[in-house]
Amino acid sequence: MTVPALRFQSLVKRYGHVTALDGIDLEVPPAEVYGFLGPNGAGKSTAIRILLDLIRPTGGRAEALGLDAQDDTVALRRRIGYLPGDFRPDRNLTARQLLDLVAAMRGGDDHRYRAELLDRFQLDPARRIGELSRGNRQKVGLVMVFMHRPELLVLDEPTTGLDPLMQEEVHAVLRETIADGRSVFFSSHVLSEVEAVCTRVAMLRAGRIVVDFELAERRRLAPARLTVEFASAPPAGAFDRLADVRLLTHDDRQYEFEATDGVDALVKRLAEFTVLRLVPHEVTLEDLFLSYYEGDGEERDAPDAARAEASNARTA
């Protein structure tokens, strides 16, 4: 039986009357880059903090690599690489000193692989972290989490501050990680990046998982969207009786349609008119994201007391 890379079972976290996680269930298979998405305040950071045992759940269970996140904390942390979204290393250390310190705490690293990563990320380890740009500080964090080849990587906004070429290099390392049979739990607000590197995605809203899907399958099943420009505007109601076709917008001679069961009926009706331009639109992850989150209210993640608790846990 295959052991999941990560599993949340009925996971709940409350802070007084505020519910940050409301019984989420999620299973991440091994050897995948799995996207974990949601607007600010959805509960993503709370779930990750519980997984790393920075805070304790109110109910339910978090596991990784077959180990309980709370009962097997020390053993699990040796097998996980974590890059927080607010990575803030000691500015007085050089990059090499920080990497040596992390390697010592983990019982060593792969020195040859560390050197390879430093070269690929174009990072000088002799420079003091306080002298580095934001992008170069992020590179230090990336080397830190990749260098010991963890079985599970938990990455929160991993390419913040990186230029497009360096982002692609990170994506290449992620692909190599998966090819090596290891797993990545990937949280980012850059949906185009999630779409580029993830095979599956879970979307979190108000502490609950609203959808969990394979990206390729969801694109196949998503409604088709077409923008059509006519030589002259069709008569009113020309497309009203087409089954599974919806007119989304129209402005004079330009119409936008959505077809939920193929475009055959729509194309046949369009053939009755003079069409100047027809543009199909591929459904993106951003389209799917907005369909679940349009109309979201204010942020509702853990309050300040919870953030204080997480901060105290880091220094404990």
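Computed from a predicted model, the values in this text were never measured in an experiment. (Residues numbered from 1 in each chain as written. Predicted model: local features only at pLDDT ≥ 70, side-chain atom pairs only at ≥ 80, totals over all residues. Heavy atoms only, no water.)

1. What to know about the side chain of Asp53
Phase 1 of the analysis: By the secondary structure assignment, Asp53 is in the loop between α1 (44-51) and β4 (59-64).
Phase 2 of the analysis: At 2.6 Å, the side chain of Asp53 and the side chain of Arg56 are in polar contact.
Phase 3 of the analysis: Setting aside residues no more than four positions away along its own chain, Asp53 makes contact with Ala69, Gln70, Thr73 and Arg77. (Helix = DSSP H or I, 4+ residues; strand = E, 2+ residues; numbered from the N terminus. Polar contact = N/O pair within 3.5 Å; in protein donor to acceptor, adjacent residues only side chain to side chain. Contact = heavy atoms within 4.5 Å.)

2. Focus: α1
Phase 1 of the analysis: The buried count for α1 comes to seven of eight residues, which makes it a mostly enclosed element.
Phase 2 of the analysis: Restricting attention to buried positions, one finds in α1 the residues Lys44, Thr46, Ala47, Ile48, Arg49, Ile50 and Leu51.
Phase 3 of the analysis: Immediately beyond the C-terminal end of α1, within one or two residues, lies Asp53, with a positive phi of roughly 60°. (Buried < 20%, exposed > 50% of the residue type's maximum accessible area, 1.4 Å probe, protein only.)

3. A closer look at the packing of aromatic side chains
Phase 1 of the analysis: Scanning the entire structure with this criterion turns up ten aromatic pairs.
Phase 2 of the analysis: Note on Phe230 and Tyr255: the rings are 5.3 Å apart at their centroids and 85° apart in plane angle, and the pair reads as edge-to-face. One end of the pair, Phe230, is in strand β11 (residues 224-230); the other, Tyr255, is in strand β13 (residues 254-259), and 25 residues separate them in sequence. Across the pair, exposure class does not vary: Phe230 and Tyr255 are buried alike.
Phase 3 of the analysis: Note on Phe239 and Phe273: the rings are 5.8 Å apart at their centroids and 45° apart in plane angle, and the pair reads as tilted. Within this pair, whereas Phe239 is found in the loop between β11 and β12 (245-251), its partner Phe273 is found in the loop between α9 (264-270) and β14 (275-281), the two being separated by 34 residues in sequence.
Phase 4 of the analysis: Taking the relative accessible area as the measure of exposure, Phe239 reaches 6% and is therefore buried.
Phase 5 of the analysis: Taking the ring centre of Tyr113 as reference, the NZ or CZ of Arg149 above it sits at 3.8 Å. (Phe/Tyr/Trp six-rings, centres within 6.5 Å; stacked < 30°, edge-to-face > 60°. Lys NZ or Arg CZ within 6 Å of the ring centre and 35° of its normal.)

4. Let's talk about the side chain of Glu193
Phase 1 of the analysis: Of note, Glu193 is situated in helix α7 (residues 191-197).
Phase 2 of the analysis: Within the buried set, Glu193 has no salt-bridge partner at all; the shortest N-O distance to an opposite charge, 9.7 Å, is to Arg175. (Lys, Arg positive; Asp, Glu negative; His and termini not counted. Salt bridge = Lys/Arg side-chain N within 4 Å of Asp/Glu carboxyl O.)

5. Concerning the confidence of the model for the protein chain
Phase 1 of the analysis: Predicted confidence across the protein chain gives a mean pLDDT of 88, with 91% of residues reaching 70 or more.
Phase 2 of the analysis: When the elements of the protein chain are averaged for pLDDT, helix α11 (residues 304-315) gives the smallest value, 39, and β4 the largest, 97.
Phase 3 of the analysis: Considering only residues more than four positions removed or in separate chains, one finds that residues 297-316, a stretch of pLDDT under 50, has 32 contacts. (pLDDT = per-residue confidence, 0-100.)

6. So, the sheet that holds β4
Phase 1 of the analysis: Spatial strand order, β2-β1-β4-β5: four strands in an open sheet with antiparallel pairing. The open sheet terminates on both sides in strands that have one partner only, identified here as β2 (18-28) and β5 (67-68).
Phase 2 of the analysis: Sheet contacts for α1: β1 (6-15), β2 and β4; angle to β1, the most-contacted strand, approximately 115°. (Pairing = 2+ DSSP bridges. Axes fitted to C-alpha atoms, helices over the stretch in contact; angles between N-to-C directions.)

7. Thoughts on the sheet that holds β13
Phase 1 of the analysis: Pairing is antiparallel across the open sheet formed by four strands, whose spatial order is β12-β13-β11-β14. Single-partner strands in this sheet number two, and they are β12 and β14. For this sheet the average axis-to-axis angle between neighbouring strands, irrespective of direction, equals 20°.
Phase 2 of the analysis: Where β11 and β14 come together, six bridges link them in antiparallel fashion. Considered in β14, the bridge of Thr227 is made with Val279.

8. Brief notes about helix α6 (residues 164-179)
Phase 1 of the analysis: Here α6 contains 16 residues, and its C-alpha end-to-end distance of 23 Å stays within 8% of the 22 Å for a straight helix at 1.5 Å per residue.
Phase 2 of the analysis: Of all the positions in α6, only Met166, Val170, His171, Ala172, Val173, Leu174, Thr177 and Ile178 are classed as buried.
Phase 3 of the analysis: Contact partners of the buried residues in α6: β3 (33-37), α4 (111-120), α5 (134-146), β7 (152-156), β8 (183-187) and α7.
Phase 4 of the analysis: If you check the start of α6, you find a side-chain oxygen 3.0 Å away from the backbone N of Leu165, and it comes from Asp163.
Phase 5 of the analysis: Phi turns positive one or two residues past the end of α6, at Gly181, with a value near 90°. (Expected span 1.5 Å × (residues − 1).)

9. What to know about the pattern of salt bridges
Phase 1 of the analysis: A complete count under the given rule lists 23 salt bridges for this structure.
Phase 2 of the analysis: Note that Glu131 is salt-bridged to Arg128, the shortest N-O span being 3.9 Å.
Phase 3 of the analysis: Residue Arg128 is classed as partly exposed on the basis of its relative accessible area of 32%.
Phase 4 of the analysis: The closest approach of N and O atoms between Glu256 and Arg225, which form a salt bridge, is 2.6 Å. Taken as a pair, Glu256 in strand β13 and Arg225 in strand β11 lie far apart in primary sequence, 31 residues in all.
Phase 5 of the analysis: According to the relative accessible area criterion, Arg225 is partly exposed, its value standing at 27%.

10. Re the nonpolar core
Phase 1 of the analysis: If you look at the biggest cluster of nonpolar residues, it comprises 47 residues, and the most contacted ones within it are Phe146, Leu155, Phe186 and Met203.
Phase 2 of the analysis: Residues Ala42, Leu65, Ile80 and Leu204 belong to the second largest nonpolar core, which totals 32 residues. (Core = buried A, V, L, I, M, F, W, Y, C linked by side-chain atoms within 4.5 Å.)

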